[in-house]
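Each chain, letter by letter, is given below.
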Number of protein chains: 2
Amino acid sequence: MNIENIRAIREFNRSYTKILKLTDKYHLNTHFTLLESRILLEIDRGVNSANQLMLLLHLDKGYLSRVLKKLTKDDLIQDARDSIDKRIKTLQLTDQGKKALEIINQRANQQVENLFANIPEEKLQSLIKDMQDITDTVKKYSQAKE
Amino acid sequence: MNIENIRAIREFNRSYTKILKLTDKYHLNTHFTLLESRILLEIDRGVNSANQLMLLLHLDKGYLSRVLKKLTKDDLIQDARDSIDKRIKTLQLTDQGKKALEIINQRANQQVENLFANIPEEKLQSLIKDMQDITDTVKKYSQAKE
DNA sequence: TAATGATGGTTGCCAAAGTCAACTATCTGG
DNA sequence: CCAGATAGTTGACTTTGGCAACCATCATTA
């Protein structure tokens, strides 16, 4: 692949990462880290055991165990033993965890608003179409295993 | 802004982040951390003082000072006092630093190749154009202070 | 059904990464 | 020259994350 193409893509990766502030420590001006946000989000989406989270987020299980312990202590999640397989801890958000996630989502929405809201409607639609095209095409052609 | 637009954009953010594997600790199979790689890259691009790096990468200056010290000890960068303002340390890559950066760049390029190389040339050109359009437009219209 | 091995999760121990505040040296504007 | 401001350093800490040993439970099979 032509070097200029690679350069352009890497430039996009860098700038878009910066735009989203993905490297900042606290996610979206909340007091949650990016990891904690992701965990709350994934539990809300139905991922409901530590082991699933481990695989999904590629985390060390010891570390994950501690992070979950902290979230439990902060009363954001609660766990119970799976009734069939007692090794498994099932996870769910507490009411407070749901509220926390709502805030995270609001902030994420706000971030998108701040970045995109001033763009003329027609242009915006075309950008969104481009975005879908990018991810669809990459997924379609990528050799990356997963 | 319409909720469906926000959803679509957030979906792009999430999936492109995943594509980049930013949630993984990617060292690109080198013995450098992501931060060290970024620092070498930025110095190579002309960022030539600790303070500039601090602002660009949003780092604590104490921490940055130590990372730079380590890179200096490893003979990847060297510093000198600015001749005009003696508070400022100017930074540059050593020959070894340049070699290290070359390896990092090769690996990063390879990562991009793995994701994009199979895409037909014409399609690829259009995606790259879209990428530029996305960042240019966001930068142009965004309210984000910086 | 007892033994064996696999699996989900916890813990202790450690190193690396990152934060914060106090400090030195230098510069800048009055 | 003095009073801030600025660039960078250092000490003392906390947090993040990795690794391996461990416990409890489950699944397989002789």
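Residues numbered from 1 in each chain as written. Chains lettered and ligands numbered in written order. Predicted model: local features only at pLDDT ≥ 70, side-chain atom pairs only at ≥ 80, totals over all residues. Heavy atoms only, no water.

Per an unreviewed UniProt entry, chain A goes by HTH-type transcriptional regulator SarZ and derives from Companilactobacillus crustorum. As stated in UniProt under Subcellular location (unreviewed entry), the record for chain A gives "Cytoplasm". UniProt's Sequence similarities (unreviewed entry) comment on chain A is quoted here verbatim: "Belongs to the SarZ family." (UniProt positions renumbered as here; feature names shortened; annotations may be inferred.)

J.: Hey, could you run me through the packing of aromatic side chains in this one?
T.: Pairs of aromatic rings are described using the distance from one ring centre to the other and the angle between the two planes. If you walk through the whole model with that rule in mind, you get four aromatic pairs over all chains. Ring geometry for Phe12 of chain A and Tyr16 of chain A: centres 5.4 Å apart, planes at 25°, overall stacked. Of the two residues, Phe12 of chain A and Tyr16 of chain A both sit in helix 1 (residues 3–19), four residues apart, roughly one turn of that helix. Within the aromatic cluster, the residues linked to one another by ring pairs are Phe12 and Tyr16 of chain A together with Phe12 and Tyr16 of chain B. (Phe/Tyr/Trp six-rings, centres within 6.5 Å; stacked < 30°, edge-to-face > 60°. Helix = DSSP H or I, 4+ residues; strand = E, 2+ residues; numbered from the N terminus.)

J.: It is not clear to me how the protein's contact with DNA strand D should be interpreted in this structure. Could you clarify?
T.: Close contacts around DNA strand D come from 20 residues, with Tyr63 of chain A together with Asn51, Ser65, Arg66 and Lys89 of chain B the closest. Within 4 Å of the protein, the contacting atoms of DNA strand D are drawn from sugar and phosphate to the extent of 58%. Note that a phosphate oxygen of DNA strand D is positioned 3.2 Å from one of the backbone N or O atoms of Ile84 of chain A. Looking at the surface near DNA strand D, the element that brings in the most residues is helix 4 (residues 61–73) of chain B, giving five residues. (Near = heavy atom within 4 Å. Polar contact = N/O pair within 3.5 Å; in protein donor to acceptor, adjacent residues only side chain to side chain.)

J.: Quick question: what am I supposed to make of the side chain of Glu42 of chain B here?
T.: Mapped onto the elements, Glu42 of chain B comes out in helix 2 (residues 34–44). In this structure Glu42 of chain B comes out as buried when scored by relative accessible area, which is 4%. When near neighbours in sequence (up to four residues on either side) are disregarded, Glu42 of chain B contacts Arg14 of chain A together with Val47, Leu53 and Leu56 of chain B. (Buried < 20%, exposed > 50% of the residue type's maximum accessible area, 1.4 Å probe, protein only. Contact = heavy atoms within 4.5 Å.)

J.: In this structure, what is going on with the interface of chain B and chain A? I would like to understand it.
T.: In many reports, interface size means the accessible area that the parts give up when they come together. If you look at the interface, chain B gives 57 residues, while chain A gives 55 residues. In total, chain B and chain A occlude about 5,600 Å² of area from one another, counting both sides; carbon and sulfur atoms represent 63% of this. Remark: the boundary between chain B and chain A carries three salt bridges. Here Lys123 of chain A ties to Asp133 of chain B by a salt bridge, and the two come within 3.0 Å at their closest N and O atoms. The interface formed by chain B and chain A includes 14 residue pairs in polar contact (both at pLDDT 80 or more). (Buried area = accessible area lost by both parts, 1.4 Å probe. Salt bridge = Lys/Arg side-chain N within 4 Å of Asp/Glu carboxyl O.)

J.: Where do I start with the relation of the copies chain B and chain A in this structure?
T.: Two copies of a chain can be linked by a rotation about an axis combined with a shift along that same axis. When chain B is fitted to chain A, the best match, at an RMSD of 1.0 Å, comes from turning it 179° and sliding it 0.2 Å along the axis. The operation mapping one copy onto its partner corresponds to a two-fold rotation axis. Minimal C-alpha distance to the rotation axis in chain B is attained by Asp130 of chain B, lying at 3.3 Å. Same-surface contact between copies: 93% of interface residues of chain B are shared with the interface of chain A. (Least-squares fit on C-alpha atoms with pLDDT ≥ 70 in both.)

J.: Help me out: how do you make sense of the nonpolar core in this one?
T.: When a protein is soluble and globular, its nonpolar side chains tend to lie buried together. If you look at the biggest cluster of nonpolar residues, it comprises 34 residues, and the most contacted ones within it are Tyr16 and Phe116 of chain A together with Tyr16 and Phe116 of chain B. Looking at this core, the element that brings in the most residues is helix 1 (residues 3–20) of chain B, giving seven residues. When near neighbours in sequence (up to four residues on either side) are disregarded, Tyr16 of chain A contacts Phe116 and Met131 of chain A together with Ile9, Phe12, Asn13, Ile134 and Thr135 of chain B. (Core = buried A, V, L, I, M, F, W, Y, C linked by side-chain atoms within 4.5 Å.)

J.: Explain unusual backbone geometry here, please?
T.: Peptide bonds are, in most cases, trans, and in most cases residues other than glycine have a negative phi. Residue and element names in this part refer to chain B. Although it is not a glycine, His58 adopts a positive phi angle of roughly 55°. Turning to its location among the elements, His58 is positioned in the loop between helix 3 (50–57) and helix 4. Among the residues examined, His58 registers a relative accessible area of 48% and is labelled partly exposed. The phi torsion at Asp75 lies on the positive side, around 60°, for a residue other than glycine. In this structure, Asp75 sits in the loop between helix 4 and strand 1 (77–81). With relative accessibility at 38%, the residue Asp75 sits in the partly exposed group.

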